[in-house]
Amino acid sequence: MTSIDMIRAAATRINGHARRTPLLSSPFLDEIAGRRVLIKPECLQQTGSFKYRGARSAISALDDATRTKGVIAFSSGNHAQGIALAAREMGAPAVIIMPEDAPRLKIDNTRAFGAEVVLYDRAREDRDAIGNRLSRDRGLTLIKPFDNPQVIAGQGTTGLEIAEDASALGITEADVLVCCGGGGLTSGIALALEADAPGLRARPVEPQGFDDVTRSLSAGEIQRNASMEGGLCDAILTPQPGDLTFPVMHRLCGPGLVVSDEDALRAMALAWQRLKLVAEPGGAVALAAALFQGAETRGDTIIAVISGGNVDRPVFDRALATLPQD
């Protein structure tokens with residue numbers, strides 16, 4: 001299991017490679033939310049999402065012989081790009097298994113970073129089975145997108161930064177809203193906050209129809225999504241919470257929050273309008289909850305992570321269309 005010591009070690013290994021992202025604010029967003037909102041913009045991270053942290057952490061933790069043989073990962077795009085870039089930086093071959101319906105930008109970027117891309121049908125094929133088979137046949141090390149201790153450790157470095165910056169601002173209590181798929185970022189942040197900012201509470205945020213973590217936390221056991229089709233927030237669509245991430249979230253996180261696709265699009269538009277940030281739908285759900293679900297959160301300040309900004313233009317155009325016309 002991932003520990004705070006592993007998170008601190010990951011922070012040392014990725015230092016100088018991953019970007020330290022700030023906490024941003026806007027009085028216009030504060031007015032909408034009815035309180036101070038601080039945004040952690042991981043859309044400004046290497047490859048456009050927090051996933052680079054976990055990828056760099058996991059690959060850098062491998063011994064030289066294992067790393068030289070290569071790595072394999074499966075992802076709708078953000079983990080793919082993180083693995084592809086980190087592998088190229090460290091001289092490791094990379095094979096990435098991606099769903100056919102992933103945004104074209106993410107597929108193209110992953111290939112541009114030098115990885116071999118293998119596409120699959122999200123609704124009819126099992127990505128875990130494909131990954132396990134290729135890993136075995138080619139001697140590659142499988143790096144799962146969230147259920148990997150070193151990946152969770154790398155994502156937890158986001159929480160170390162939040163804790164340090166919140167302390168500098170005098171914030172001792174707040175909900176920290178985290179866009180959540182399988183729970184790697186959420187559980188990593190929760191572990192970091194437990195150690196360095198125990199008054200800050202991580203809370204997972206998911207899109208309607210794909211709220212497996214929220215339901216799992218409520219039930220006290222892992223629940224699956226009924227379908228993996230039709231979701232706008234592709235970056236955070238997973239079948240169920242991870243076997244490693246769920247126990248951490250169950251122990252440390254507050255209740256999950258669920259937002260509509262429409263609110264995610266509105267949050268994307270407001271992030272662009274007020275902060276000049278580009279967020280993808282799955283990366284904007286935490287900000288959407290901060291802005292539009294104030295009754296479900298606590299405190300005078302709320303912290304929201306924008307987890308990624310890799311969005312195709314047609315979807316971004318849909319988001320901007322939600323803004324009032326001048």
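A brief structural summary. (Residues numbered from 1 in each chain as written. Predicted model: local features only at pLDDT ≥ 70, side-chain atom pairs only at ≥ 80, totals over all residues. Heavy atoms only, no water.)

1. Observations concerning the environment of A92
Selection criterion: The secondary structure listing takes helices from DSSP runs of H or I that are at least 4 residues long and strands from runs of E that are at least 2 residues long, numbered from the N terminus. In what follows, a contact means two residues having at least one pair of non-hydrogen atoms within 4.5 Å.
When you line up the elements, A92 lands in the loop between α5 (78-89) and β3 (94-99). Put simply, A92 and R136 are 44 residues apart on the chain and 17 Å apart in space, counted from C-alpha to C-alpha. Not counting chain neighbours up to four residues away, the residues in contact with A92 comprise R67 and A87.

2. Points about the environment of R53
Here R53 lies in helix α3 (residues 51-60). Sequence separation between R53 and P239 is 186 residues; the distance between their C-alpha atoms is 23 Å. Once residues lying within four places of it in the same chain are set aside, the contact partners of R53 are I14, A18, R19, T21, K40, E42, Q45, G154, Q155, T157, T158 and E161.

3. Brief notes about helix α1 (residues 4-14)
Worth spelling out the cut-off: Think of it in three bands: residues with accessible area under 20% of the maximum for their type are buried, residues over 50% are exposed, and the middle band is partly exposed, with areas taken using a 1.4 Å probe on protein chains only. In this description, the arc belongs to the directions extending from the helix axis to the C-beta atoms.
Taken residue by residue, α1 has I7, A10 and I14 as its buried positions. Taken around the axis of α1, the buried residues stretch over an arc of 60 degrees, which confines them to a single face. Set apart from the buried face of α1 by more than 90 degrees, the exposed residues are D5 and T12. Check the buried side of α1 and you find it contacts α3, α8 (149-168) and α9 (184-196). One or two steps after α1, the chain reaches G16, where phi turns positive at roughly 90 degrees.

4. Details of the side chain of D211
Keep this limit in mind: Counting of polar contacts relies on pairs of N or O atoms within 3.5 Å, with two restrictions inside protein: one atom must be capable of donating a hydrogen and the other of accepting it, and residues adjacent in sequence are counted only when both atoms are side-chain atoms.
Residue position: D211 is located in the loop between β7 (200-207) and α10 (212-219). A relative accessible area of 17% means that D211 is categorised as buried. Polar contacts involving the side chain of D211 include one to the side chain of R215, which spans 2.9 Å. In this structure D211 touches E206, N225 and V258, once residues within four positions along its chain are discounted.

5. Some details on α10
Of the positions making up α10, those classed as buried are D212, V213, T214, S216 and L217. The secondary structure elements touched by the buried residues of α10 are β7, α11 (245-252) and β8 (257-259). Remark: G220 follows α10 within two positions and exhibits a positive phi of approximately 80 degrees.

6. Brief notes about the packing of α1 against α8
Defined as follows: To obtain each axis, a line is fitted to C-alpha atoms, and for helices this fit is confined to the stretch in contact; angles are then taken between N-to-C directions over 0 to 180 degrees. Convention used here: angles under 35 degrees read as roughly parallel, angles over 145 as roughly antiparallel, angles from 65 to 115 as roughly perpendicular, and any remaining angle as oblique. In this classification, Asp, Glu, Lys and Arg are treated as charged, Ala, Val, Leu, Ile, Met, Phe, Trp, Tyr, Cys and Pro as nonpolar, and every other residue, Gly included, as polar.
Between α1 and α8, the shortest axis-to-axis distance is 8 Å and the interhelical angle comes to 80 degrees. Of the possible angle classes, the one that applies to α1 and α8 is roughly perpendicular. Residues I4, M6, I7, R8, A10, A11, R13 and I14 of α1 lie in contact with α8, whose contacting residues are P149, Q150, A153, G154, G156, T157 and L160. Grouping the amino acids of the contact of α1 with α8 by side-chain chemistry returns nine nonpolar, four polar and two charged.

7. Here's the deal with the sheet that holds strand β1 (residues 36-41)
Whenever strands of a sheet pair, they do so through backbone hydrogen bonds, lying parallel or antiparallel. Operational definition: We call two strands paired when DSSP finds no fewer than two bridges between them.
Overall, parallel pairing links the five strands, which are arranged β1-β9-β6-β7-β8 in an open sheet. Each of the sheet's edge strands pairs with one partner strand only, and the pair in question is β1 and β8. This sheet shows a mean twist of 25 degrees between the axes of neighbouring strands, independent of strand direction. Bridge count between strand β6 (residues 174-179) and β7: six bridges; the pairing is parallel. In the strand pairing of β7, D175 is matched with R201.

8. Some words on the packing of aromatic side chains
For clarity, the cut-off: Centres within 6.5 Å are what make two rings of Phe, Tyr or Trp a pair, Trp counting through its six-membered ring; a difference in plane orientation under 30 degrees is then read as stacked, over 60 as edge-to-face, and the rest as tilted. Only when the NZ of Lys or the CZ of Arg is both within 6 Å of the ring centre and within 35 degrees of the ring normal is a charge said to sit over the ring.
The full count for this structure, using the stated rule, is zero aromatic pairs. It is R274 that lies over the ring of F28; its NZ or CZ is 3.9 Å from the centre. Seen from the ring of W272, K276 lies directly overhead, with NZ or CZ sitting 5.3 Å from the centre.

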